[in-house]
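Residues per chain are reported as follows:
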Amino acid sequence: MRKIIYIFTVFLMIISCSGVSHRGSGTPAASFPNSGKASWYGGKFNGSSTASGETFSEKALTAAHPSLPFGSIVEVTNTENNKKIKVRINDKGPFTTGRIIDLSKEAFSRIADINKGVIDVSIKVVK
């Protein structure tokens, strides 16, 4: 009987650890900050490989997030001017304490002056 309970428990643990698919249609649980600082990246990273394996383009509407699955679509709102942009997550980051998302240069420029470098944003998973 103990063996059956043990096998059943292990089975339940495996199922519960399955998580969210990178290509699934469900929205990942909101276990990340939805407001904070955003920065942009480009320049020396342009043309390099992202964590997803894509080639990074500073002109694409993409972003780096530490925990969202690749392919997630996120709406980023500049909380100062209420401008919004939808970006696709294709990289991991940011790697600077206090920042919640790194936007491509193009995405950042559509919601703020790139000379600011860092802005306050809110983010919402769309897909």
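Look up a bit, the structure's there.
Each residue is numbered by its place in its chain's sequence as written, counting from 1. Only residues with pLDDT of at least 70 get local features here, since the model is predicted, and only at 80 or more are side-chain atom pairs given and counted; chain-wide, interface and lining totals rely on the full set of residues. No hydrogens and no water enter the side-chain calculation; it runs on all heavy atoms of the structure.

**Q** I tried to follow the packing of aromatic side chains on my own but got confused; where do I start?
**A** For any two aromatic rings, the description comes down to two numbers: the centre-to-centre distance and the angle of the planes. Here a Phe, Tyr or Trp ring, Trp counted by its six-membered ring, pairs with any other such ring whose centre lies within 6.5 Å, and the pair is stacked when the planes are under 30 degrees apart, edge-to-face when over 60, and tilted otherwise. Per the counting criterion, the structure on display carries two aromatic pairs. Seen in terms of ring centroids, Tyr41 and Phe45 are 5.9 Å apart; in terms of plane orientation they differ by 70 degrees. Their pairing is edge-to-face. Accessibility expressed as a relative area gives 37% for Phe45, which makes it partly exposed. Ring centres of Tyr41 and Phe56 lie 4.5 Å apart, and the angle between their planes is 20 degrees; this geometry places the pair in the stacked category. Taken together, the residues Tyr41 in strand E1 (residues 35-41) and Phe56 in the loop between E1 and strand E2 (62-64) connect sequence positions 15 residues apart. Phe56 carries the same exposure label as Tyr41, and that label is buried. Summary of the burial criterion: residues with accessible area below 20% of their type's maximum are buried, those above 50% are exposed, and those between are partly exposed, where the area comes from a 1.4 Å probe applied to protein chains only. For helices the rule is a DSSP run of H or I covering at least 4 residues; for strands it is a run of E covering at least 2, with both sets numbered from the N terminus onward.

**Q** Explanation requested: the pairing of strand E6 (residues 118-125) in the structure shown.
**A** Each regular strand shows side chains that alternate between the opposite faces of the sheet. Burial along E6 is one-sided: Ile119, Val121, Ile123 and Val125 are buried, and none of Val118, Asp120, Ser122 and Lys124, which face the opposite way, are. One requirement defines pairing of two strands: DSSP has to find at least two bridges between them. Inspection of the sheet shows E1 paired to E6 by five bridges, in the antiparallel sense. Counted as the bridge partner of Ala38 is Ile119 from E6. With five bridges connecting them, strand E3 (residues 73-78) and E6 associate as antiparallel partners. Along E6, the bridge assignment pairs Glu75 with Lys124.

**Q** Looking at this structure, I do not really get the pattern of salt bridges. What am I missing?
**A** Pairing of side chains with opposite charge becomes possible as their charged atoms draw close. Here, a salt bridge means any Lys or Arg side-chain nitrogen found within 4 Å of an Asp or Glu carboxyl oxygen. Scanning the entire structure with this criterion turns up five salt bridges. Of the charged contacts in the structure, one is a salt bridge between Glu75 and Lys124, with a shortest N-O distance of 3.7 Å. Separated by 49 residues along the polypeptide, Glu75 in strand E3 and Lys124 in strand E6 bring together distant segments of the chain. Glu106 is the salt-bridge partner of Arg110, the closest N and O atoms lying 2.9 Å from each other. With a gap of four residues between them, Arg110 and Glu106 both fall in helix H2 (residues 105-111), about one helical turn apart. Residue Arg110 is classed as partly exposed on the basis of its relative accessible area of 46%. For Glu106, a relative accessible area of 26% translates into the label partly exposed.

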